[in-house]
Amino acid sequence: MVCSRRSAIAALLMSASGCNLFRSVGTEDSVLTSLFPRGKDPNRGDEASGPVLSLVRLEANIASRPIGDPKIRRLVWEELDESGLMTPEQRRTLNESGFRIGVAGSSTPWALQSLVRDASAARRTGDESQSPSAVDTVPGALGPSFTLMPNGQSYLEIQSQLDESRLPLARIPQLSVLRDRQGLRCVFELSAKEIAEDWVLLNILPIVFSGTSTLRLTIQDNTAKLPVRQNTIPLYEHQVTVRLLAGEVAVIGRYAAVGSDSWNLGNLFFAPDEGSSATERILMIGMSGIEKLRGQSDPTFRLGAYNK
């Protein structure tokens, strides 16, 4: 008798709620929704296919010429826009520290094209110091290409392992805090402040690395790590933000005032050596386009992880 009463109650519950139970599987309110691939809902728009991430495709190259070469000293800068990037006060501060920056339009000036050819030829002959670290080089491009993600950084090294004993570092006030001046490196940190359909706000921050590369404890993602690091001095007062359209090139070099023999940060980054064989470098960063990366879940992977 007891068994038959239990069977009757179970049958009644199934008839009353069974349809609702199975209807909930795969719907918005179901806990099991994440276990099944969700089809594209025409009422939800593109969100049903996952978020879209915009990535910036950049190209970079470093050209090196003898100090005083007219290409780097004068001809390249005649065709660049230096006035529209910042206020006159900001540009004056930048120039006083020896930095100079301009932007070339999508129609690249001939002098800049010549520097690109020189840098590319030097790289092909095995002089790797002429090119920044990057993933690949496309024939006919400005230089090695790399991708910059939102909230991410890329680093372009323009000078490495400088001999501090041969440099008048005491004449640079920003480096007065340096205790260990060995292994000096000059690096530009690139980050994207904003990305649109065909342009990017590119932030360029000069950084000086120094000291012996040692293991330094850091905490990241709640995990203790010991990466190899140097001391760093970010020069925030000299960071610049430029707006680059597809095909445009930002050019960063040394500002040498006429009749001035002062030694400053611009010399350290672009022309640290002296003498008849001394060279001067110039950095070129081009924006080649914007890529769209759409996120998409893998239901098979999630089912496998769930079953484990």
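In case you missed it, the structure is sitting above this.
Right, let's walk through the structure included here. One numbering rule holds for all chains: residues counted from 1, following each sequence as written. Totals for whole chains, interfaces and linings use all residues, but because this is a predicted model, local features are given only for residues with pLDDT of at least 70 and pairs of side-chain atoms are given and counted only at 80 or more. To obtain the side-chain values, all non-hydrogen atoms of the structure were included, while hydrogens and water were left out.

On to the overall build of the chain, then. Numbering of helices and strands starts at the N terminus; helices are DSSP runs of H or I of at least 4 residues and strands are runs of E of at least 2. Across its full length, the chain holds six helices and 13 strands. A 1.4 Å probe rolled over the protein chains alone gives each residue an accessible area, and that area as a share of the maximum for its type sets the label: buried under 20%, exposed over 50%, partly exposed in between. Residues classed as buried in the chain amount to 41% of the 308 residues present. Pairs at least 24 residues apart make up 73% of the contacts formed inside the chain by residues separated by at least 6 positions. Summing over all exposed atoms, the chain offers an accessible surface of approximately 18200 Å²; the carbon and sulfur share of this is 51%. Note on definitions: a residue-residue contact is assigned when non-hydrogen atoms from the two residues lie within 4.5 Å. All accessible areas in this document rest on Shrake-Rupley with a 1.4 Å probe, and a residue is counted as covered only by the protein chains that are shown.

Let us now look at helix α4 (residues 110-124). For a helix, the expected span equals 1.5 Å multiplied by the number of residues minus one. Over its 15 residues, α4 extends 21 Å from the first C-alpha to the last, a length consistent with the 21 Å expected when each residue adds 1.5 Å. Along α4, the positions that sit buried rather than exposed are Ala111, Leu112, Ser114, Leu115, Val116, Ala119, Ser120, Ala122 and Arg123.

The packing of two helices is summarised by the inter-axis angle and the distance between the axes. Orientation is described by axes fitted as lines to C-alpha atoms, over the contacting stretch for helices, and by angles from 0 to 180 degrees between their N-to-C directions. Where helix α2 (residues 70-78) meets α4, the axes come as close as 8 Å, and the angle between the chain directions of the two elements is 145 degrees. In this structure, α2 contributes Lys71, Ile72, Leu75 and Val76 to the contact, and α4 contributes Trp110, Ala111, Leu112, Ser114, Leu115 and Asp118. When its residues are assigned to classes, the contact of α2 with α4 shows seven nonpolar, one polar and two charged. Basically, the charged four are Asp, Glu, Lys and Arg, the nonpolar ten are Ala, Val, Leu, Ile, Met, Phe, Trp, Tyr, Cys and Pro, and anything else, Gly included, counts as polar.

Side-chain atoms within 4.5 Å are what join buried Ala, Val, Leu, Ile, Met, Phe, Trp, Tyr and Cys residues into a set we call a nonpolar core. Among the nonpolar cores identified, the biggest contains 45 residues, and Val242 and Leu268 are the most heavily contacted of them. Ranked by the residues each element gives to this core, the list is headed by strand β6 (residues 184-195), at five residues. Residues within four places of Val242 in sequence aside, it is in contact with Leu85, Ile101, Val103, Val200, Leu201, Leu202, Ile204 and Ala250. Counting residues in hydrophobic clusters, the runner-up holds 17 residues, among them Val76, Leu80, Ala119 and Val251.

Now for the pattern of salt bridges. For side chains of opposite charge, pairing can occur when their charged atoms come near one another. For salt bridges, the criterion is a side-chain nitrogen of Lys or Arg within 4 Å of an Asp or Glu carboxyl oxygen. The full count for this structure, using the stated rule, is nine salt bridges. For Glu78, the salt bridge identified is with Arg74, shortest N-O distance 3.2 Å. Of this pair, Glu78 and Arg74 are both found in helix α2, four residues apart, which corresponds to roughly one turn of the helix. A relative accessible area of 49% means that Glu78 is categorised as partly exposed. In this structure, the salt-bridge partner of Arg100 is Glu82, at a minimum N-O distance of 3.0 Å. Of this pair, Arg100 sits in strand β2 (residues 99-104) while Glu82 sits in the loop between α2 and α3 (88-96), and the two are 18 residues apart along the sequence. Of the two residues, Arg100 and Glu82, neither departs from the other in class, the shared state being buried. Because the salt bridges share partners, they merge into one network encompassing Arg65, Asp69, Lys71 and Asp118.

Taking the C-alpha atoms as reference points, Glu78 and Ala111, separated by 33 residues in sequence, lie 9.3 Å from one another. Looking at Glu78, its side chain comes within polar contact range of the side chain of Arg74, at 3.2 Å. Here a polar contact is taken to be a pair of N or O atoms separated by no more than 3.5 Å, where protein atoms must pair a possible hydrogen donor with a possible acceptor and residues adjacent in sequence count only if both atoms sit in side chains.

You can see Ala141 is positioned in the loop between β3 (136-137) and β4 (144-148). Taking the C-alpha atoms as reference points, Ala141 and Gly286, 145 residues apart in sequence, are found 9.2 Å from one another. With near-sequence residues (within four places) excluded, Ala141 lies in contact with Glu59 and Val116.

The backbone phi angle of Asn151 is positive, close to 65 degrees, even though this residue is not glycine. As for its placement among the helices and strands, Asn151 is situated in the loop between β4 and β5 (153-162). Even without glycine at this site, Gln161 takes up a positive phi of about 50 degrees. In this fold, Gln161 is placed in strand β5.

Right, let's talk about the pairing of strand β13 (residues 279-294) for a bit. Where strand β1 (residues 52-66) lies against β13, 15 bridges are found, and the strand directions are antiparallel. In the strand pairing of β13, Arg57 is matched with Gly289. Strand pairing is assigned whenever DSSP detects at least two bridges linking the two strands.

Attention now moves to the pairing of strand β12 (residues 249-254). Across the six residues of β12, six count as buried, placing the element largely inside the fold. Pairing analysis gives six bridges linking β2 to β12, with the strands arranged antiparallel. Opposite Ala104, over in β12, you have Val249 as the bridge partner.

The geometry of an aromatic ring pair is captured by two quantities: the separation of the ring centres and the angle between the planes. Put simply, two rings from Phe, Tyr or Trp (the six-membered ring, in Trp's case) pair if the centres are within 6.5 Å, and we call them stacked under 30 degrees between planes, edge-to-face over 60, tilted for the rest. Scanning the entire structure with this criterion turns up five aromatic pairs. Where Phe269 meets Phe270, the ring centres are 6.4 Å apart and the plane angle is 45 degrees; that geometry is what we call tilted. The residues Phe269 and Phe270 share a single accessibility class, namely buried. Taken together through their ring pairs, the aromatic side chains of Phe99, Phe188, Phe269 and Phe270 make up a single cluster. Any Lys NZ or Arg CZ that is within 6 Å of a ring centre and within 35 degrees of that ring's normal is treated as a charge sitting over the ring. One cation-aromatic arrangement involves Arg185 over Phe209; the distance from NZ or CZ to the ring centre is 4.5 Å. The ring of Trp199 has Arg243 lying over it, and the distance from NZ or CZ to the ring centre is 4.4 Å.

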